[in-house]
Amino acid sequence: MEHCEVVVIGLGAMGAATTYQLAKAGVDVVGIDRFHPPHTFGSSHGDTRITRLSVGEGAQYVPIVKRAQQIWRDLEAQSGESLFEQSGLLALTSSPDFDPEDKTDFTLRTIGLAKTYGIEHEVLDAEQIRQRFPQFANVHDDAIGYFEPGGGFVRPERCIEVQLRLAVQHGATLHTGETVTQISSDEQGVTVTTDLRTVKARKLVFSAGNWAGGLLGEPFGRLLSVYRQRLFWFELEDGSGLEGASPTFILTHGRGDDKINYGFPAQPGEGSLKIATAQYHTLSQPDLLDRTVSAVEELEMYQQQVQGRIAGVTNKVLKSAVCAYTVTPDRHFIIDQHPTLKHILVVSACSGHGFKHSAALGEAFAQWCTRGISDLDLSSFTLERFEGKNL
């Protein structure tokens, strides 16, 4: 039997940040993960993750990502590691049916938020896009672009490793390679049982992502869905000029999830460009997830998302990977206390866009543990929004 003030289950994006912030605040914290983070079995890997201040998913995220970017810089200063690279972020819509009055268009939403919050940006027309970013030379004449010079990407594995290392230096205890089998609570606190030990704590932060539905019971089993996602690194063409000269990007080329892709700068020495999509139609189970990408999937990705849209790459995939998103019905986070188990904060349904916010959310969750409230306004993410809905 072990005793601590706070136990954190799941040490990916949210869990690593929370454990670090708690340990830094002098809290006796124990972190548990069934694997050995950073690892490739959840949602927090893939070399690069987008970050931007104008978050087209919603205004409620802007203060969070702003604070997160400050923390990434602080973590870089402490660790000497490069975590956040401001390559610039280009969001663009180039679609045969583009409607400049469409309030749902991701690029237009992003522009609107940037104007509202005074975020430094440029709005680009088709010719400006072609001149500045020749990989998008084939955009439609009515294409529109948003460029945020302060945007870019973070390195997820490195961010997790740094925060866990610093957490241990501040006194955290990590139990990795252990599977949680039971969670219970009473007036005094929570009890977490793994296949190797039992831990009693005053509070629990649950951030186990893909495995949340199975461990937490209702309503989480009903609200959370796991979707397999694929990442592709396409070989650069000779003389593409993309290495060291391409931004992080989000390209909308039609209506619907399957008409949006995103990618990252071509990293020096790698000879490839990472491009991916998100899909929300085929459900998966985390323990049964197919973690390989087939040749058929590689060809489909090239033909449907790359060919004729992104210049400078071949159809050859040098590397591929699979991750999984834990998604809510409205694709926004769940950050709330468990409705029936006491002393448990559930923070684990990031719906595919959580990493950019994780550093700040970890700080907020640590504040919840120590004083019952956070500096950030997280009221948009409660379970209450789902009540009375037939989901």
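Everything in this summary refers to the structure shown in the same document. It should be emphasised that the depicted structure is a prediction, and the values quoted were computed from it without experimental measurement.

Here we take up the overall build of the chain. Broken down by element type, the chain carries nine helices and 20 strands. Relative to the globule expectation of 21 Å for 391 residues, the C-alpha radius of gyration of the chain, 21 Å, shows essentially globular dimensions. Residue burial in the chain is summarised as follows: out of 391 residues, 55% are buried. Long-range pairs, those at least 24 residues apart, make up 74% of the contacts in the chain between residues at least 6 apart in sequence. About 16,000 Å² of surface is accessible on the chain, with carbon and sulfur atoms providing 48% of the total.

Before going further, it helps to spend a moment on the nonpolar core. The biggest cluster of nonpolar side chains holds 47 residues, and the ones touching the most others in it are Trp72, Phe365 and Leu378. Per-element tally for this core: the top contributor is helix H9 (residues 358-371), with eight residues. Beyond its immediate stretch of four places on either side in the chain, Phe365 contacts Met14, Thr18, Ile335, Leu345, Val347 and Leu378. Within the second largest apolar cluster, 30 residues are counted, among which are Phe232, Leu251, Val306 and Val317.

Among the structural elements, Asp336 can be located in strand S19 (residues 336-337). Buried charged residue Asp336 carries no salt bridge. Nearest counter-charge: Arg385, at 7.2 Å. Within the local environment of Asp336, its side chain forms a polar contact with the backbone nitrogen of Leu383, the two atoms lying 2.8 Å apart. Each residue touching Asp336, except ones within four places of it in the same chain, is listed here: Ile344, Leu345, Val346, Thr382, Leu383 and Glu384.

Here the focus is the pattern of salt bridges. With the rule as written, the count across this model stands at 24 salt bridges. Members of the salt-bridge network, linked through shared partners, are Glu2, Glu178 and Arg197.

Next up on the list: the sheet that holds strand S4 (residues 84-85). Strand order in the open sheet formed by three strands is S3-S8-S4, and the pairing between neighbours is antiparallel. Each of the sheet's edge strands pairs with one partner strand only, and the pair in question is strand S3 (49-51) and S4. Sheet topology places S4 next to strand S8 (residues 152-154); two bridges connect them, and they run antiparallel. Looking at S8, one finds that Phe84 is bridged to Val154.

Inspection of every chain in the model, using the stated rule, returns zero disulfides. No disulfide involves Cys350; its sulfur sits 12 Å from the nearest other cysteine sulfur, which is in Cys323. The structure places no disulfide on Cys369, whose sulfur is separated from the nearest cysteine sulfur, that of Cys4, by 10 Å.

Now for helix H2 (residues 62-79). A rise of 1.5 Å per residue sets the reference length of H2, with its 18 residues, at 26 Å; its end C-alpha atoms lie 26 Å apart and thus fit the reference within 8%. What H2 keeps buried is the set Val62, Ile64, Val65, Ala68, Gln69, Ile71, Trp72, Leu75, Glu76 and Ser79. Downstream of H2 by one or two residues, Gly80 has phi in the positive range, about 75°.

Mapped onto the elements, Phe249 comes out in strand S14 (residues 248-252). Between the C-alpha atom of Phe249 and that of Pro265, which follows or precedes it by 16 residues, the distance is 8.4 Å. Those residues in contact with Phe249 that sit more than four places away from it in its chain are Ile50, Leu89, Leu90, Phe136, Asn261, Tyr262, Gly263, Phe264, Leu273, Ile275 and Ile310.

Let us look at the packing of aromatic side chains. Evaluated as defined, the whole model comprises 13 aromatic pairs. Here the aromatic residues Phe35, Phe41 and Trp211 are joined through ring pairs into a cluster of three or more. Against the face of Trp233 rests Lys319, its NZ or CZ located 4.3 Å from the ring centre.

Here we take up the packing of helix H1 (residues 13-24) against H2. In contact at an axis separation of 14 Å, H1 and H2 are set at 65° when each is read in the N-to-C sense. Relative to H2, H1 is oriented roughly perpendicular. Both H1 and H2 take part in a crossing whose hand is left-handed. Taken together, the residues of H2 that come into contact with H1 (itself represented by Tyr20, Gln21 and Lys24) are Ile71, Asp74, Leu75 and Gln78. Classifying every residue of the contact of H1 with H2 by side-chain character gives three nonpolar, two polar and two charged.

Topologically, Leu361 is positioned in helix H9. Setting aside residues up to four positions removed in sequence, Leu361 forms contacts with Met14, Ile64, Phe333, Ile335 and Leu378.

Each packed pair of helices is defined by two parameters, the angle between the axes and the distance between the axes. Where H1 contacts H9, the axes come no closer than 7 Å and their chain directions differ by 50°. If you check the angle between H1 and H9, you find them oblique. Note on packing geometry: the crossing formed by H1 with H9 is right-handed. Between H1 and H9, the contacting residues are Ala13, Met14, Ala17, Thr18, Gln21 and Leu22 on the first element and Ser358, Ala359, Leu361, Gly362, Glu363, Phe365, Ala366 and Cys369 on the second. Class assignment of the residues belonging to the contact of H1 with H9 gives a composition of nine nonpolar, four polar and one charged.

Moving on, we get to the side chain of Lys203. Inspection of the secondary structure assignment puts Lys203 in strand S12 (residues 198-206). Dropping the residues within four chain positions of it, Lys203 is found in contact with Glu5, Val6, Val7, Val190, His343, Trp368 and Cys369.

All right, on to the pairing of strand S2 (residues 29-33) then. The side chains of a regular strand alternate, residue by residue, between the two faces of the sheet. Burial runs high along S2: five of the five residues are buried. Side chains Val29, Gly31 and Asp33 project from S2 onto one buried face, and the interleaved Val30 and Ile32 project onto a second face that is buried too. In terms of strand pairing, strand S1 (residues 2-9) meets S2 through four bridges, oriented parallel. Note on S2: the bridge partner recorded for Val7 is Val30. Crossover handedness for the path S1 to H1 to S2: right-handed. Pairing of S2 with strand S9 (residues 173-176) involves four bridges; the strand directions are parallel. Paired with Gly31 across the bridge in S9 is Leu174.

Conventions adopted
- Residues numbered from 1 in each chain as written.
- Predicted model: local features only at pLDDT ≥ 70, side-chain atom pairs only at ≥ 80, totals over all residues.
- Heavy atoms only, no water.
- Helix = DSSP H or I, 4+ residues; strand = E, 2+ residues; numbered from the N terminus.
- Rg over C-alpha atoms; globule rule 2.2 N^0.38 Å.
- Buried < 20%, exposed > 50% of the residue type's maximum accessible area, 1.4 Å probe, protein only.
- Contact = heavy atoms within 4.5 Å.
- Areas by Shrake-Rupley, 256 points an atom, 1.4 Å probe, with all protein chains shown as cover.
- Core = buried A, V, L, I, M, F, W, Y, C linked by side-chain atoms within 4.5 Å.
- Lys, Arg positive; Asp, Glu negative; His and termini not counted.
- Salt bridge = Lys/Arg side-chain N within 4 Å of Asp/Glu carboxyl O.
- Polar contact = N/O pair within 3.5 Å; in protein donor to acceptor, adjacent residues only side chain to side chain.
- Pairing = 2+ DSSP bridges.
- Disulfide = S-S within 2.5 Å.
- Expected span 1.5 Å × (residues − 1).
- Phe/Tyr/Trp six-rings, centres within 6.5 Å; stacked < 30°, edge-to-face > 60°.
- Lys NZ or Arg CZ within 6 Å of the ring centre and 35° of its normal.
- Axes fitted to C-alpha atoms, helices over the stretch in contact; angles between N-to-C directions.
- Parallel < 35°, antiparallel > 145°, perpendicular 65-115°, else oblique.
- Left-handed = near helix turned anticlockwise from the far one by under 90°.
- Nonpolar A, V, L, I, M, F, W, Y, C, P; charged D, E, K, R; others polar.
- Right-handed = clockwise from strand over helix to strand, strands pointing away.

Purely spatial values, then, with no claim about function.
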